[in-house]
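# Observations on chain architecture
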Amino acid sequence: MDRFDAMRLFTRIVELGSFTQAAAALELPRATATHAIKELEARLQVRLLERTTRQVRTTVDGQAYYERCRHLLLELEDAESSLAQLAVNPRGRLRIDIHGAAANDIVLPRIGDFHARYPNIVLAVGSGDRLVELVREGVDCVVRAGEPKDSSLVTRRLALLPQVTCASPAYLAARGTPLTPADLLSQQHLAVNFFSSSRPDHFPYLFEVNGRVEQVVLPDWISVNNADSYKTCAEQGCGIIQVPRYHIERQLRAGTLVEILAGTPCPPMVYSVLYPQHRLLSPRVRVFVDWVTALYAERFGALR
């Protein structure tokens, strides 16, 4: 029995004047209650209760200890009640970090909904692609694309986003339209390559061929580290890109970008929310993680 449980038992014995009634009220065996009070007295090295065949009453030291216990237990109940309220209506500052495309296209357009639901949470939103050291930098959670590599973080998958390979009509008119991934190299196609702080070299282009994933690395004359720049360069005929479909749906409809290699699909892009490992998750982080998970499920379908 921990100290607070022992204190609760002691105060009930004093208030009810009976070991038997206190044990029953706390759903404990009578012998357990007796043993716990003996251990409490031994730890404090003082006698707390005088026992007779008819009643139990406090010693002078026991009465003083009872008053302190009662005060501490009331404080504990008040603290637990406050935390229970925070679980229902969390408050405080929440620092999150989200890749630019996910921030601007998915999360921030709906962030007003989050505020309406949790008006006492103050958000600090960073947008970037660099690796954030969550604990050291005081970041509560991040939303990231790609397979997470940091095993020290808790990872909750949000979505598997379909990807497409595409280029501008002007680029394809000048270079030709590849029909297979092998044509990308044999026809000497160019890429608009993408790099990030976590990967200074270029990301390869991925294709699912006969049940396995093949990588193709294309040369370039321009590379970027921003999703909007990536898309704009492709529209300007700078090269081929591979990107989640949702990010270029408007360009595909308008014809400023054209899907290629549709018969050779790309593996989907994984999006996840990550947060530090804690035995108990802060209510602020928990409600954001639940909210952003529901947001991605609404937009892209729930994961199975």
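Below, the structure is looked at part by part. From a predicted model like this one, the values you see are computed outputs, not experimental measurements.

Calculation notes
- Residues numbered from 1 in each chain as written.
- Predicted model: local features only at pLDDT ≥ 70, side-chain atom pairs only at ≥ 80, totals over all residues.
- Heavy atoms only, no water.
- Salt bridge = Lys/Arg side-chain N within 4 Å of Asp/Glu carboxyl O.
- Helix = DSSP H or I, 4+ residues; strand = E, 2+ residues; numbered from the N terminus.
- Buried < 20%, exposed > 50% of the residue type's maximum accessible area, 1.4 Å probe, protein only.
- Polar contact = N/O pair within 3.5 Å; in protein donor to acceptor, adjacent residues only side chain to side chain.
- Contact = heavy atoms within 4.5 Å.
- Phe/Tyr/Trp six-rings, centres within 6.5 Å; stacked < 30°, edge-to-face > 60°.
- Axes fitted to C-alpha atoms, helices over the stretch in contact; angles between N-to-C directions.
- Parallel < 35°, antiparallel > 145°, perpendicular 65-115°, else oblique.
- Nonpolar A, V, L, I, M, F, W, Y, C, P; charged D, E, K, R; others polar.

Another aspect to go through is the pattern of salt bridges. This structure, assessed with the given rule, holds eleven salt bridges. One salt bridge connects Arg8 with Asp5, and the closest N-O pair in it is separated by 3.4 Å. With Arg8 and Asp5 both in helix 1 (residues 3–16) and three residues apart, this pair spans about one turn of that helix. Residue Arg8 is classed as partly exposed on the basis of its relative accessible area of 28%. The exposure class of Asp5 is partly exposed, given its relative accessible area of 35%. Across the pair Arg110 and Glu298 runs a salt bridge, and its minimum N-O distance is 3.1 Å. Of this pair, Arg110 sits in the loop between helix 5 (100–107) and helix 6 (111–117) while Glu298 sits in helix 12 (residues 283–300), and the two are 188 residues apart along the sequence. Judged by its relative accessible area of 29%, Arg110 falls in the partly exposed class.

This paragraph deals with the side chain of Arg144. Assignment of secondary structure puts Arg144 in strand 5 (residues 141–145). When its relative accessible area of 11% is taken as the criterion, Arg144 is described as buried. Engagement of the side chain of Arg144 in a polar contact is seen with the side chain of Asp97, the distance being 2.6 Å.

With that settled, consider the environment of Pro109. Take Pro109: it is sitting in the loop between helix 5 and helix 6. For Pro109, a relative accessible area of 51% gives the class exposed. Residues in contact with Pro109, not counting those within four places in the same chain, are Ala103 and Asn104.

On to helix 5, then. Owing to its 3.6 residues per turn, the α-helix brings residues three or four apart onto one side. All of the buried residues in helix 5 are Ala101, Ala102, Ala103, Ile106 and Val107. On its buried face, helix 5 is in contact with strand 3 (92–98), helix 6, strand 4 (121–127), helix 10 (227–235), strand 14 (269–276) and helix 12.

Take the packing of aromatic side chains next. Within this structure, the stated rule accounts for nine aromatic pairs. Seen in terms of ring centroids, Phe114 and Phe288 are 5.7 Å apart; in terms of plane orientation they differ by 80°. Their pairing is edge-to-face. Here Phe288 lies in helix 12 and Phe114 lies in helix 6, a separation of 174 residues in the sequence. By relative accessible area, which is 1% here, Phe114 ends up buried. A relative accessible area of 0% means that Phe288 is categorised as buried. Aromatic ring contacts, followed pair by pair, group Phe114, Tyr118, Phe288 and Trp291 into a single cluster.

Okay, the packing of helix 5 against helix 12 next. Relative to each other, helix 5 and helix 12 sit at 75°, their axes nearing to 12 Å. When the interaxial angle is binned, helix 5 and helix 12 end up roughly perpendicular. Here Ala102, Asp105, Ile106 and Val107 of helix 5 lie close against helix 12, whose contacting residues are Trp291, Val292, Leu295, Tyr296, Arg299 and Phe300. Along the lines of polarity and charge, the residues of the contact of helix 5 with helix 12 split into eight nonpolar, no polar and two charged.

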